[in-house]
Structure formats: structure tokens, C-alpha cells
Amino acid sequence: MKRADTAMYQAKAAGRNTLRFFDPDMQAVVTARAMLNADLRAAIRNDQFLLHYQPQFDGEGHMTGAEALVRWQHPRRGQVLPGEFIPLAEDSGMILPLGHWVLETACRQLLAWAQQPAMAHLTIAVNVSGRQFHQRDFVEQVLAVLDETGADPQQLKLEVTESLLLHDMKDVIAKMAALKAEGITFALDDFGIGYSSLSYLKQLPLAQLKIDASFVRDVLTDGNDAAIVRTIIALGQSLGLDVIAEGVETDGQREFLARQGCHAYQGNLFGRPGPAEMLQVTKPLVV
């Protein structure tokens, strides 16, 4: 019966109205997921997470801020990357305490940078999941964290994805407007890989579009990716939005983006994610 139950859930995960036969690999996946789920709950209780920051630069080589990226320092497995545990955290609801911890930790880092003249201008971008955003008291939670930490709301950027916009657009707009009124800015992350309905762009109080790394990666060799990137940049300019490209790894990619009018970058060409102390500003990057 347990094996039949496992096969049934696999059929549901495949979209329902289909058949799945049990095999030992299924049980191995289920067992591994259950173990990871238990470890994740322990990680939240035992403070096993840390934040790394990937710097963001403007076209003149000045660091403008960083994106906060959560890492899990597992006691046995070492560092676990977000792609392995964020989907599980979303499914289980553990994204809520984890997301709150990320926001609070990033705000405390903003306050620390505010004490250093060379770093005080930097912003931090924090990813917000749909499950977090759709909490009834999300606005109050964010403002409470800012109040408790003393961080400047104008230095905080919240990154949301297009999937967030599929549910209750009126509520989404109201929450974003309330936070924008306090000085917080919003960026639309991974733009172009989701639903990309242009109708919401004119309604949302966005400040920035973020070109997904999947388009940037082959922008010099794939005509379709190049056309998409050009379109996103032109769209952002026409709507008065800043545009930043992530996943920039070569000078050729940066030069292409600059020619199209994109002058904000994030990627390994400018710096890999790392602890906050690795971002100490010394002089502009030569570009």
C-alpha cells in the first residue's frame, strides 16, 4: 500500500490523469526528500544558514549594491546551494521563517555598511517568494524588520518574480505601493522567462527589470536571445525602468549589453557571491 501511495503521488506530480508504476527509484527519491525535509527543519532551528552577496555594478565600474543569496551550511553535506532546498522550503512552508531571516540579516548588513562611508551608498536586493508576499501582514513584517534593525528603507530592494503576479493583482499592487511609499524599491526578477504579460508592467510600482542569466549566457551566439535582450532593454527604457543584466561572465557580453543601452550588471565577471567582507569598496572596477 505504501508503494501504491508513492506511485499515486508521482502521478499527481506529473499533472494527474495519468498512470505511474512503482519502482525502487521512486522510493529512493521520496526517502531522500524526507531526509532533506527533516534536515531543513533542523537547519532553521539551529541557525545553519548564511548570506552571501553578489556585487552589482554600473557602466562606469562603480559598485552600486549586491544581491543577497542564501546558503545552507549543512553539518554533514557542507554547503548546500539554494536550488536544492528552496523548492522544498516553498512546498513545506518553511520559506516563511527562512525568508524572514534573510530579510532581517540583509537589513542588519545594510546598517553595518551605513557606518562605513565607502559602503553606505550600497543597496541590497532580497528575493521574496510568492508565499511570503501573499501573507496578509507582509507589509507590516517588512516595516517591522526595518524598524527593528534601523536599516534605511531606501537601500532595500525587493526582487519579485512574474509568478507572483498570477494571484490577486489588486492585493499585489496595494502591498507594493505601501512599501514603495516607505522608500523601498522593487525589481522584477528573471524577466522574460515566465508569463511576461506586458499589461502588469504599467500597473506595478517597479523600479527595475532584471534580464535573466539564461538570455545573457548565449547573447553573442544565439540571435533569439540577442533579440529578447534588446527588446527587454528597449521596453525598460520606454517605461522609465532601470534594467540590470545578471549572469554577465565575459567582456563580450558586457559590451553587447552596453551597446544596447544596459549599464547595470551582475555576474562572475564583476564578482562571485561571497561573504559581506569580500565586498569592501576600494576603487572602481576598470570596464
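For clarity, every value in this text was computed on a predicted model and none was experimentally measured. (Residues numbered from 1 in each chain as written. Predicted model: local features only at pLDDT ≥ 70, side-chain atom pairs only at ≥ 80, totals over all residues. Heavy atoms only, no water.)

**Side note on the confidence of the model for the protein**
So, point 1. Per-residue pLDDT for the protein has a mean of 89; in total, 93% of the residues score no lower than 70.
So, point 2. When pLDDT is averaged over each helix and strand of the protein, the minimum, 76, is found for helix α2 (residues 24-45) and the maximum, 98, for helix α6 (residues 138-149). (pLDDT = per-residue confidence, 0-100. Helix = DSSP H or I, 4+ residues; strand = E, 2+ residues; numbered from the N terminus.)

**Topic: the pairing of strand β7 (residues 208-211)**
So, point 1. In β7, alternate side chains face the same way, and those of Gln208 and Lys210 on one face and Leu209 and Ile211 on the other are all buried.
So, point 2. In this structure, strand β6 (residues 185-191) lies alongside β7, joined through 3 bridges in parallel fashion. Residue pairing for β7: Leu188 is matched across the bridge by Leu209. (Buried < 20%, exposed > 50% of the residue type's maximum accessible area, 1.4 Å probe, protein only. Pairing = 2+ DSSP bridges.)

**A few points about helix α3 (residues 82-92)**
So, point 1. Residues of α3 that are buried: Phe85, Leu88 and Ala89. The buried residues of α3 occupy one face: seen down the axis, they fall within an arc of 105°. Counted as exposed and oriented over 90 degrees from the buried face of α3: Gly83 and Asp91.
So, point 2. Looking one or two residues past α3, Gly93 carries a phi angle of roughly 90°, positive in sign. (Arc of directions from axis to C-beta.)

**Remarks on the side chain of Ser129**
So, point 1. Relative to the helices and strands, Ser129 resides in the loop between β4 (123-127) and α5 (130-133).
So, point 2. Of the polar contacts made by the side chain of Ser129, one reaches the backbone nitrogen of Gln132; its length is 3.1 Å.
So, point 3. Residues contacting Ser129, with those up to four places away along its chain left out, are Glu90 and Ile95. (Polar contact = N/O pair within 3.5 Å; in protein donor to acceptor, adjacent residues only side chain to side chain. Contact = heavy atoms within 4.5 Å.)

**Looking at the pattern of salt bridges**
Opposite charge on two side chains permits them to pair, given that their charged atoms come into close proximity.
So, point 1. Summed over the entire model, instances satisfying the criterion amount to 9 salt bridges.
So, point 2. A salt bridge links Lys210 to Glu159, with the shortest nitrogen-to-oxygen separation between them at 2.9 Å. In this pair, Lys210 is assigned in strand β7 and Glu159 in strand β5 (residues 156-160), connecting sequence segments 51 residues apart. Accessibility assignment for this pair places Lys210 and Glu159 in one class, buried.
So, point 3. When the shortest N-O distance is used, the salt bridge between Asp171 and Lys175 registers 3.2 Å. Linking Asp171 with Lys175, this pair stays in helix α7 (residues 169-180), spanning 4 residues, or about one helical turn. (Salt bridge = Lys/Arg side-chain N within 4 Å of Asp/Glu carboxyl O.)

**Structural notes on the environment of Glu84**
So, point 1. Relative to the helices and strands, Glu84 is located in helix α3.
So, point 2. When the C-alpha atoms of Glu84 and Thr6 are compared, they prove to be 21 Å apart, with 78 residues separating the residues in sequence.
So, point 3. For Glu84, the contacting residues outside a window of four places in its chain are Leu36 and Arg77.
So, point 4. A distance of 2.8 Å separates a polar atom in the side chain of Glu84 from a polar atom in the side chain of Arg77.

**Some details on the packing of helix α9 (residues 223-238) against helix α10 (residues 251-260)**
So, point 1. Packing of α9 against α10 brings their axes to within 10 Å, and their N-to-C directions diverge by 45°. On the basis of the axis angle, α9 is oblique to α10. The chirality of how α9 crosses α10 is right-handed. Contacts between α9 and α10 involve Ala226, Val229, Arg230, Ile233 and Gln237 on the former and, on the latter, Phe256, Leu257 and Gln260.
So, point 2. Looking at the contact of α9 with α10 residue by residue, the classes come out as 5 nonpolar, 2 polar and 1 charged. (Axes fitted to C-alpha atoms, helices over the stretch in contact; angles between N-to-C directions. Parallel < 35°, antiparallel > 145°, perpendicular 65-115°, else oblique. Left-handed = near helix turned anticlockwise from the far one by under 90°. Nonpolar A, V, L, I, M, F, W, Y, C, P; charged D, E, K, R; others polar.)

**Quick look at the nonpolar core**
So, point 1. Within the largest apolar cluster, 74 residues are counted, with the highest numbers of intra-cluster contacts made by Trp113, Leu156, Leu158, Ile211 and Leu257.
So, point 2. In this structure, Leu257 is in contact with Ile211, Val216, Val229, Ile233, Ala245, Val248, Cys262 and Tyr265, ignoring residues within four places of it in sequence. (Core = buried A, V, L, I, M, F, W, Y, C linked by side-chain atoms within 4.5 Å.)

**Quick notes on the packing of aromatic side chains**
So, point 1. Taken as a whole, this structure holds 8 aromatic pairs when the rule is applied.
So, point 2. Ring geometry for Phe133 against Phe138: centres 5.0 Å apart, planes inclined by 40°, an arrangement best described as tilted. One exposure class covers both Phe133 and Phe138, and it is buried.
So, point 3. On the numbers, 5.4 Å between centres and 5° between planes, the contact of Tyr265 with Phe270 is stacked. Comparing Tyr265 with Phe270 shows no difference in burial state: the two are buried.
So, point 4. Grouped by ring-pair contacts, the aromatic residues Phe49, Trp72, Phe85 and Trp101 constitute a single cluster. (Phe/Tyr/Trp six-rings, centres within 6.5 Å; stacked < 30°, edge-to-face > 60°.)

**Digging into the environment of Gly99**
So, point 1. In this structure, Gly99 sits in helix α4 (residues 95-114).
So, point 2. Residue classification places Gly99 among the buried positions, given a relative accessible area of 9%.
So, point 3. In this structure, the C-alpha to C-alpha distance between Gly99 and Gln79, residues 20 residues apart in sequence, is 18 Å.

**Comments concerning the pairing of β6**
So, point 1. The element β6 is largely enclosed, with a buried count of 5 among its 7 residues.
So, point 2. Each parallel crossover has a hand, and the one from β5 via α7 to β6 is right-handed. (Right-handed = clockwise from strand over helix to strand, strands pointing away.)

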